[in-house]
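Understanding the architecture of this molecule
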Amino acid sequence: MAGGSIERHPDDPAWRADALGASRHSRLADEMRPPDLVADPQAAIDVCADLARSHLGDFSPALALLTRPERRRAQALVAHVAALFDFARQRGIEGERLSAINRWEYALDEALAGRVAGQPIFAAMSREQGRRRWSAEGLDALSACARRRALRGCPATPDEAERDARALAQAFGRTWIGNPVSSEIEALGASLIRLDRLQRLGSETAAGRCPLPWAETEGMASTRPAEPSLLAAARKECARLRVLFLGGARGLPALPAGYRQSVAYALFAGLALLSQIEEADGNLLVAPPRIGLRARLGLLARARWLRV
């Protein structure tokens with residue numbers, strides 16, 4: 001499929017404005033390019049950077065606090081995870097979703113073994129494999145999380161939602177950093193995952209994929225702005241997340257030094273968004289809260305000068 005042009009930025013290593021800008025791409029399928037269109041290694045980097053901005057949204061400035069090599073690595077991984085869960089969330093029968101995930105996983109294995117197809121995400125993942133090998137256990141766990149998502153829609157209970165989010169957070173952390181992360185960082189990652197689902201509550205329910213526990217919403221899928229069951233369930237979720245966020249902050253000192261500031265920004269941004277969601281009315285289902293440019297810059301400065 002042909003994709004649109006990719007926004008390019010200066011080569012200066014200090015350049016970080018890409019993390020503050022909004023992505024011009026919204027569909028992962030737009031970047032599933034045939035081999036002849038991604039022969040340039042820089043094109044693969046640009047595609048993954050653009051996809052990471054799109055999918056991380058308000059959390060994308062966290063990447064600006066990483067070194068350039070680690071930022072490229074994180075962007076490639078985010079793009080890979082986005083693809084897995086894009087397949088897991090597709091409409092259709094379970095078998096088709098699982099087959100798509102299996103094909104993607106097989107193609108990635110081929111790429112990591114040095115047999116790179118033209119897919120830009122695979123090219124970027126393969127490049128990072130040469131720089132520092134990905135955790136095989138982490139990649140397997142990410143695929144397992146995507147398969148669980150393909151087999152189950154919304155979680156049945158809050159406990160199930162927490163288990164699924166923790167599993168995904170641990171799998172991502174292990175793949176990205178290379179080692180299992182602490183229970184506190186796992187909890188923080190799970191909170192960010194569930195917060196992202198709260199932000200997308202309106203669009204997800206409109207598509208018949210309510211991300212909140214079934215037991216609290218009765219499987220409701222509605223975009224009516226004053227839907228009381230959805231809003232009540234969202235407030236319960238906010239209360240649970242605030243406890244996890246505050247507990248997760250204790251895990252920052254145990255992170256490798258190169259990752260602390262980035263994760264700290266995610267923590268600060270998460271708390272800011274959580275406060276907005278807690279105060280939101282029915283508009284939460286129509287126009288979810290966002291962090292403005294000035295606020296992003298303030299949170300970046302706070303995270304950069306954090307001493308932990």
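Residues numbered from 1 in each chain as written. Predicted model: local features only at pLDDT ≥ 70, side-chain atom pairs only at ≥ 80, totals over all residues. Heavy atoms only, no water.

1. Remarks on the overall build of the protein
- Of the regular secondary structure elements, the protein holds 12 helices and 0 strands.
- Helices and strands in the protein line up, N terminus first, as α-α-α-α-α-α-α-α-α-α-α-α.
- Per-residue burial for the protein yields a buried fraction of 50% across its 308 residues.
- Within the protein, contacts between residues separated by at least 24 positions form 73% of all contacts whose residues are at least 6 apart in sequence.
- When the accessible surface of the protein is split by element, carbon and sulfur atoms take 56% of a total near 14000 Å². (Helix = DSSP H or I, 4+ residues; strand = E, 2+ residues; numbered from the N terminus. Buried < 20%, exposed > 50% of the residue type's maximum accessible area, 1.4 Å probe, protein only. Contact = heavy atoms within 4.5 Å. Areas by Shrake-Rupley, 256 points an atom, 1.4 Å probe, with all protein chains shown as cover.)

2. What about the pattern of salt bridges?
- For the coordinates displayed, the defined rule picks out 20 salt bridges.
- Measuring nitrogen to oxygen at the nearest pair gives 3.7 Å for the salt bridge that ties R73 to E128. With R73 in helix 2 (residues 68-88) and E128 in helix 4 (residues 120-131), this pair connects stretches of sequence that are 55 residues apart.
- Among the residues examined, R73 registers a relative accessible area of 1% and is labelled buried.
- Assessed through its relative accessible area of 2%, E128 is described here as buried.
- For E110, the salt bridge identified is with R115, shortest N-O distance 2.9 Å.
- Look at R115 and you get partly exposed, because its relative accessible area is 49%.
- Salt bridges linked by common partners bring E70, R73, R127, E128, R131 and R132 together as one network. (Salt bridge = Lys/Arg side-chain N within 4 Å of Asp/Glu carboxyl O.)

3. Let's talk about the environment of A62
- If you trace the backbone, A62 turns up in the loop between helix 1 (41-56) and helix 2.
- Taking the C-alpha atoms as reference, A62 lies 9.1 Å from A269; in sequence the two are 207 residues apart.
- Not counting residues within four places of it along the chain, the set of residues in contact with A62 comprises S262 and Y265.

4. Quick word on the side chain of E204
- Within the fold, E204 resides in helix 8 (residues 201-206).
- When neighbours within four sequence positions are excluded, E204 is seen to be in contact with R89, R149, R209, C210 and P211.

5. Structural notes on the packing of helix 2 against helix 3 (residues 94-112)
- Running from N to C, helix 2 and helix 3 cross one another at 155°; their axes reach a closest spacing of 8 Å. In terms of orientation, helix 2 lies roughly antiparallel with respect to helix 3. Taken together, the residues of helix 3 that come into contact with helix 2 (itself represented by H80, A83, L84, F87 and A88) are R97, A100, I101, W104 and L108.
- Class assignment of the residues belonging to the contact of helix 2 with helix 3 gives a composition of 8 nonpolar, 1 polar and 1 charged. (Axes fitted to C-alpha atoms, helices over the stretch in contact; angles between N-to-C directions. Parallel < 35°, antiparallel > 145°, perpendicular 65-115°, else oblique. Nonpolar A, V, L, I, M, F, W, Y, C, P; charged D, E, K, R; others polar.)

6. Digging into the packing of helix 5 (residues 136-151) against helix 6 (residues 158-177)
- Between helix 5 and helix 6, whose axes approach to 8 Å, the crossing angle comes to 150°. In terms of orientation, helix 5 and helix 6 fall into the roughly antiparallel class. Where helix 5 crosses over helix 6, the handedness of that crossing is left-handed. Contact residues: helix 5 offers E137, G138, L139, A141, L142, C145 and R148, while helix 6 offers D164, A167, L168, A171, F172, R174 and T175.
- A class-by-class count of the residues in the contact of helix 5 with helix 6 yields 8 nonpolar, 2 polar and 4 charged. (Left-handed = near helix turned anticlockwise from the far one by under 90°.)

7. What to know about helix 1
- Relative to the 22 Å expected for 16 residues at 1.5 Å per residue, helix 1 spans 23 Å between its end C-alpha atoms, a close match to the ideal helical length.
- Among the residues making up helix 1, those that are buried are A43, A44, I45, D46, V47, C48, A49, D50, L51, A52 and R53.
- As for helix 1, its buried residues are in contact with helix 2 and helix 4.
- Looking one or two places after helix 1, you find G57, whose phi comes out positive at around 55°. (Expected span 1.5 Å × (residues − 1).)

8. Re the nonpolar core
- Residues I121, M125, L142, W176, L195, F245 and Y265 are the most contacted members of the largest nonpolar core, which totals 82 residues.
- Sequence-distant contacts of L142, that is, excluding residues within four places in its chain, are made with L77, H80, V81, L84, F85, L168, A171, F172 and T175. (Core = buried A, V, L, I, M, F, W, Y, C linked by side-chain atoms within 4.5 Å.)

Function cannot be read off these values alone, since they describe shape.
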